[in-house]
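The primary structure of each chain is shown beneath.
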Amino acid sequence: MNSGIAAPAASARGVIARWREFLPVTAATPVISLGEGNTPLIPCARLSELVGRGCEVFVKYEGLNPTCSFKDRGMTVAVSKAVERGIAAVVCASTGNTSAAAAAYAARAGIRCAVILPAGKIASGKLVQAYAYGAQVVAIEGNFDDALRVVRELGSRPDFAIVNSINPDRIAGQKSAAFEIVEELGDAPEFHLLPVGNAGNITAYWAGYSEFAAAGRATKRPAMLGFQAAGAAPIFYNRVIEQPETIASAIRIGNPASWEAATRAVQESGGAIDIVTDEEILEAQQWLASREGIFVEPASAASIAGLLKCATKIPPESRIVCTVTGHGLKDPDAVRFTSAPAVPALEEAVRRAIGF
Ligand code: F0G
């Protein structure tokens, strides 16, 4: 496993600084970074126990990126390349996380950002981010797939760069998560599970694992298991879903842009695309937060729900990585709880309230 490529400096912060030799950048590319990547790969004892038979489960916590989702890995590359080309503005369609990342990196670069969002369908934390970072927000009467169609038309203008994952620079940056996992585990895992929406991330992970195997940095590649929400599962059902519906708004997508590439990744890896219901997603979200201390948004919990669904089919002693793609605070309204009534400000009353 000695590729002859020098290990990145431990002090390197940010996807471009750390993985430059695997990315489409040159010395002339300005680096627009917020120190993204290098997220924790958390060993999960309780989750491993649930899967059983000596399997080891790790969670790659992508909510700890600068805008709290995995999108930052691709956005640093896409915005850096757009600035190198002298582009005046970046534009994207989004279910919320891409727009948050685009807005932040555009702000950092000092260029304009327009985000095209399905009206009324964006989780509150994500919408707040787009406005806070100073993006021009356009809500359309339609869903994500309609927004992406409009963005493709806008992108034919020379002064705009599309920063959705149809831009290969995005996929290139997102490969870095697979690199980090291989470095940390010493090899690729046997299985990699992740949620699937527009299908860019599963494509990027597969490209990353493949590139590291080809460079001699890994001896194998994992089976890729992608999970769609049952009401928004075009790849699973092999047909466009006109009205996708799920509580996991980030993956409420009926016609994914990277459909073919994702299908190829799944086939080449010996993996599968499966579905999880909204109830399974919410249960997994709550379980992961309350049992492992990892709070993720509903779409991210699809990988955990998927693991619980297919655990018995995974061979003993497997190493399993689940990517959880976005932070739980992105979508606070998805968490169900009942606020406790106020009690007098007295030690005894508080003790009684907590049952001690
Ligand atoms: N998880 C989260 C939290 C996401 O925001 C997304 C996609 C996915 C999973 C699925 O990744 O699209 O590469 O298959 N969000 C996009 C957005 C669509 O606009 O933020 P994918």
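Now for a look at the structure at hand. (Residues numbered from 1 in each chain as written. Predicted model: local features only at pLDDT ≥ 70, side-chain atom pairs only at ≥ 80, totals over all residues. Heavy atoms only, no water.)

## Points about helix H5 (residues 124-132)
Put simply, the rule reads: Partly exposed residues are those whose accessible area sits between 20% and 50% of the maximum for their type, while under 20% is buried and over 50% is exposed, using a 1.4 Å probe and protein chains only. Numbering of helices and strands runs from the N terminus, with a helix taken as a DSSP run of H or I at least four residues long and a strand as a DSSP run of E at least two residues long. Along the arc lie the directions from the helix axis toward the C-beta atoms.
Within H5, burial applies to Gly125, Lys126, Gln129 and Ala130. For H5, the buried positions fall inside an angular range of 140 degrees around the axis, keeping them on one side. Among the exposed residues of H5, those pointing more than 90 degrees away from its buried face are Val128, Tyr131 and Ala132.

## Let's talk about unusual backbone geometry
Of note, Cys68 is a non-glycine position whose phi angle comes to about 75 degrees, a positive value. Considering the arrangement of structural elements, one finds Cys68 in the loop between strand S2 (56-61) and helix H3 (71-84). Of note, Ala199 is a non-glycine position whose phi angle comes to about 75 degrees, a positive value. With respect to the element layout, Ala199 can be found in the loop between strand S7 (191-195) and helix H9 (200-214).

## What about the site of the ligand?
Our working rule: The rule for a residue being near a molecule or strand is that one of its heavy atoms must lie within 4 Å of it. In protein, a polar contact requires one atom able to donate a hydrogen and another able to accept it; more generally it is a pair of N or O atoms within 3.5 Å, and residues adjacent in sequence count only if both atoms are side-chain atoms. Note that accessible areas follow from Shrake-Rupley with a 1.4 Å probe, and for residues the cover is restricted to the protein chains shown. Buried and open spaces are told apart on a 1 Å grid over the protein atoms alone, a cavity being a set of points where a 1.4 Å probe fits but cannot get out and a pocket being an open set with protein on both sides within 12 Å along at least five of seven lines. Residues with an atom within 4 Å of a point are the lining residues. Each molecule is assigned to a cavity or pocket provided more than half of its atoms lie within 2 Å of the corresponding grid points.
Near the ligand you find 21 residues, and of these Ser94, Asn198, Ala199, Asn201 and Thr325 are the closest. Measuring from a nitrogen atom of the ligand, one finds a side-chain N or O atom of Lys71 at 2.9 Å. The contact in question runs from an oxygen atom of the ligand to an N or O atom on the side chain of Asn97, over 2.8 Å. Protein burial of the ligand: of its 480 Å² of free accessible surface, 99% is covered by the chains. Of all the cavities here, the one that holds the ligand is the largest cavity. Every element with two or more residues in the shell around the ligand is listed here: helix H4 (97-109), H9 and helix H13 (298-310).

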